[in-house]
Amino acid sequence: MLRVICTHCHTEFERETLNDSMFCSVPCARAHRALLEPEMIRIPAGTFLMGDDEISNASPQHEVTLEEYEIAKYAVTCKQYKLFLEANPTYKVPEGWSGTQYPKGKANHPVVNVSWYDATAYAEWLSRVTGKDYRLPTEAEWEKAARGTDGRKFPWGDEFDTKKCNTAESGIGDTTPVDTYPDGASPYGVMDMAGNVWEWCADWYAPYPNDKDKKPAGKKATSPRKKTTKSKVAVMANERQTSL
């Protein structure tokens, strides 16, 4: 018999071979799977208003048509990113971490201080270990998930509300857990699409207008893993967002 460590609870237990399950129990295996795979929200196919005529680098507002896709309800958390680091022990850790341990009290906060390449590597790893298709969202996919189809300025409507997001105006000065602002959800139920952190997209930054409305604005930095109408999108942050 071999002495091994449970992948989820880190309890030592016995297995006959290393090809057997690396979980000490069925509940541990289920709990690990639930932590590993993000909760996804379906965004239906259709046209939405992208951009804002009152913001210089987001004008002109224009219609964009997208196919159906899914996006993570929450930004990737520190405890989720920890699984990636544990599975890839030579990968560099974010600033502020001690090895694969995130800062105290930050388990359910969005992971920050990760580059676009880190975010892409995480999505590729998640695809491999789950057998599902994950990638970063395009700018257009992110914006539709954030504002819906009616051109609203914020996920909840047109009026700014400090009680619905974590920004400089809220006076918190740090990240907050990803489920802190349920009243700030987008029309589809996606969380923290205003405030808390800046989030990476698959595209290069580029001005409007875009010559192909069915494509994201700007040259794509990476293409989708597969061109289906139900590709899954993992949302990751690069740093704390201090204002809108």
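Along each chain, residues carry numbers from 1 onward, in the same order as the chain's sequence is written. This being a predicted model, a pLDDT of at least 70 is required before a residue's local features are given, and a value of 80 or more before pairs of side-chain atoms are given or counted; all residues contribute to the totals for chains, interfaces and linings. As a rule here, side-chain values cover all heavy atoms of the structure and leave hydrogens and water aside.

Caption draft 1: The overall build of the chain, seen in detail. Helix and strand assignments follow DSSP, with helices taken as H or I runs no shorter than four residues and strands as E runs no shorter than two, numbered in order from the N terminus. When you go through the chain residue by residue, the secondary structure sums to 4 helices and 10 strands. Walking the chain from its N terminus toward its C terminus, one meets helices and strands in the order β-β-α-β-β-β-β-α-α-β-α-β-β-β. Think of it in three bands: with a 1.4 Å probe and only protein chains considered, a residue is buried below 20% of the maximum accessible area for its type, exposed above 50%, and partly exposed in between. Counting across all 244 residues of the chain, residues that qualify as buried make up 45%. Contacts were defined at the residue level, with two residues in contact if any of their heavy atoms lie within 4.5 Å. Across the chain, contacts joining residues at least 24 apart in sequence account for 66% of those joining residues at least 6 apart.

Caption draft 2: Spotlight on the nonpolar core. Core analysis: the biggest nonpolar cluster contains 18 residues, and Tyr81, Phe84, Trp97, Val111, Tyr122, Trp125 and Leu126 have the highest contact counts within it. When contributions to this core are tallied by element, the ones reaching two or more residues are helix H2 (78-87) and helix H3 (116-130). At 5 residues, H2 tops the list of elements feeding residues into this core. Setting aside its immediate chain neighbours within four residues, tryptophan 125 contacts Leu36, Leu83, Phe84, Ala87 and Asn88. By nonpolar core is meant a set of buried Ala, Val, Leu, Ile, Met, Phe, Trp, Tyr and Cys residues that side-chain atoms within 4.5 Å join together. One finds Phe48, Met50, Ala145 and Val190 within the second-largest nonpolar core, a separate group that totals 15 residues.

Caption draft 3: Representation of the pattern of salt bridges in the model. Whenever a carboxyl oxygen of Asp or Glu lies within 4 Å of a side-chain nitrogen of Lys or Arg, that contact is scored as a salt bridge. This structure, assessed with the given rule, holds 11 salt bridges. A salt bridge links aspartate 52 to lysine 153; the shortest N-O distance between them is 3.0 Å. Here aspartate 52, found in the loop between strand E4 (46-50) and strand E5 (62-66), pairs with lysine 153, found in the loop between helix H4 (139-147) and strand E8 (197-199); they are 101 residues apart in sequence, far enough to count as distant. Given the relative accessible area of 39%, lysine 153 is considered partly exposed.

Caption draft 4: Spatial organisation of the packing of H2 against H3. Here H2 crosses H3 at 80°, and the two axes come no closer than 11 Å. Viewed along their axes, H2 and H3 adopt a mutual orientation that is roughly perpendicular. In this structure, H2 uses Gln80, Tyr81, Leu83, Phe84 and Ala87 to contact H3, whose residues at the interface are Asp118, Ala121, Tyr122 and Trp125. Here the contact of H2 with H3 is built from residues that sort into 7 nonpolar, 1 polar and 1 charged. The convention used is that axes are lines fitted to C-alpha atoms, helices contributing only their stretch in contact, and that angles between N-to-C directions extend from 0 to 180 degrees. Here the word oblique covers every angle except those under 35 degrees (roughly parallel), over 145 (roughly antiparallel) and from 65 to 115 (roughly perpendicular). Amino acids are sorted into nonpolar (Ala, Val, Leu, Ile, Met, Phe, Trp, Tyr, Cys and Pro), charged (Asp, Glu, Lys and Arg) and polar (every other residue, Gly among them).

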